[in-house]
Amino acid sequence: MPFQTGNGITYKSIFKTMLKKILLGLLVIFIIAQFFRPEKNQHLRDLNEDFLRVMDPPLAIGRDIKAACYDCHSNYTNYPWYSNINPISYWMADHIKHGKGNLNFSEWTKYDTETQIHKLEEFVEEAKGRHMPIKGYLITHKEARLNNEQLAKMIAWVETVKKSLQ
Ligand code: HEC
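### Structural notes on the overall build of the chain
Okay, so step 1: When helices and strands are tallied, the chain shows seven helices and zero strands.
Okay, so step 2: Scanning the chain from its N terminus toward the C terminus, one meets helices and strands in the order α-α-α-α-α-α-α.
Okay, so step 3: Rg of the C-alpha trace for the chain: 24 Å, well past the compact-globule value of 15 Å for 166 residues, more than 25% over.
Okay, so step 4: Taken across its 166 residues, the chain has 16% of its residues classed as buried.
Okay, so step 5: Counted over contacts in the chain with a minimum sequence separation of 6, partners at least 24 positions apart contribute 78%.

### Let's talk about the site of the ligand
Okay, so step 1: Close to the ligand lie 18 residues, the nearest being Cys69, Cys72, Gly99, Met132 and Pro133.
Okay, so step 2: By residue class, the composition of the shell around the ligand is 10 nonpolar, five polar and three charged.

### Some thoughts on the domain arrangement of the chain
Okay, so step 1: Here the domain parsing of the chain yields domain 1 (1–33) and domain 2 (47–165).
Okay, so step 2: For domain 1 and domain 2, the distance between their C-alpha centroids amounts to 48 Å.

### Comments concerning the nonpolar core
Okay, so step 1: Membership of the largest hydrophobic core comes to 16 residues, with the highest contact counts inside it found for Cys69 and Phe105.
Okay, so step 2: Going through the elements one at a time, helix H2 (51–55), helix H3 (59–69), helix H5 (113–128) and helix H7 (148–165) are the ones with two or more residues in this core.
Okay, so step 3: Once you skip the residues sitting within four places of it in the chain, Cys69 turns out to touch Phe105, Met132 and Pro133.

### Things to note about H5
Each turn of an α-helix holds 3.6 residues, which means side chains three or four residues apart point in the same direction.
Okay, so step 1: With 16 residues, H5 extends 22 Å between its outermost C-alpha atoms, agreeing within 8% with the 22 Å of an ideal straight helix rising 1.5 Å per residue.
Okay, so step 2: For H5, the set of buried residues is Leu120, Phe123 and Ala127. Taken end-on, H5 shows its buried residues confined to a sector of 50°, consistent with a single buried face. Residues of H5 that are exposed and point more than 90 degrees away from the buried face comprise Glu114, Thr115 and Glu125.
Okay, so step 3: Among the structural elements, H7 are those in contact with the buried residues of H5.

### So, unusual backbone geometry
Okay, so step 1: Cis geometry is adopted by the peptide bond preceding Pro87, which originates at Asn86 and carries an omega value of 5°.
Okay, so step 2: Relative to the elements of secondary structure, Pro87 occurs in the loop between H3 and helix H4 (88–102).
Okay, so step 3: Cis geometry is adopted by the peptide bond preceding Pro133, which originates at Met132 and carries an omega value of -5°.
Okay, so step 4: Relative to the elements of secondary structure, Pro133 occurs in the loop between H5 and helix H6 (135–140).
Okay, so step 5: Unusually for a residue other than glycine, Asp56 sits at a positive phi of about 45°.
Okay, so step 6: Relative to the elements of secondary structure, Asp56 occurs in the loop between H2 and H3.

The rules behind each value
Residues numbered from 1 in each chain as written. Predicted model: local features only at pLDDT ≥ 70, side-chain atom pairs only at ≥ 80, totals over all residues. Helix = DSSP H or I, 4+ residues; strand = E, 2+ residues; numbered from the N terminus. Rg over C-alpha atoms; globule rule 2.2 N^0.38 Å. Buried ≥ 20, exposed ≤ 12 C-beta atoms within 10 Å, placed from the backbone. Contact = placed C-beta atoms within 7 Å. Near = placed C-beta within 6 Å. Nonpolar A, V, L, I, M, F, W, Y, C, P; charged D, E, K, R; others polar. Domains from an automatic or database assignment. Core = buried A, V, L, I, M, F, W, Y, C linked by C-beta atoms within 7 Å. Expected span 1.5 Å × (residues − 1). Arc of directions from axis to C-beta.

Written out as structure tokens, the structure reads:
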């Protein structure tokens, strides 16, 4: 028999035992990983520094910007239930860290005017090209999927804010 080792144990059974051990090992790692959590991005905000608060857009536009951008670009993220599962939690924390690092709406007034104008230029660019929000986010966040009309209104409003700063 080609699949027989010297002492009657088949390679198939050795392979099966190994596979079981590997899967068990992965399960243990997964469970232990659940004890580690990145810090949540839910800090009390000074709303007086907040972009939407200061700029006061029409209600629907404010709602769209909040739904589409704020989870990654502010100091307060609304976490879905699966964000508690590792490694998803770390993956999200990374997005938030980089998103906020580039543009933080919660600390809008801390930017000088020149920076604000530049950020709004980037805002328009990213939104127009539908580069933002990042694709994966849209799969699970229906409210962040803006239709063309919502997007056009949002961009037009951002353009007027930008002009008012120039
Ligand atoms: C799921 C997280 C997430 C959401 C939601 C999101 N962004 Fe981002 N954003 C990021 C990350 C991460 C970066 C950092 C750049 C990169 O790695 O692509 C970024 C970068 C940016 C930048 C800087 C781009 C540059 O050239 O440096 C702008 C502007 C921006 N986002 C605007 C927006 C706007 C506007 C929305 C809403 C319409 C939005 N983002 C929604 C994660 C997000």
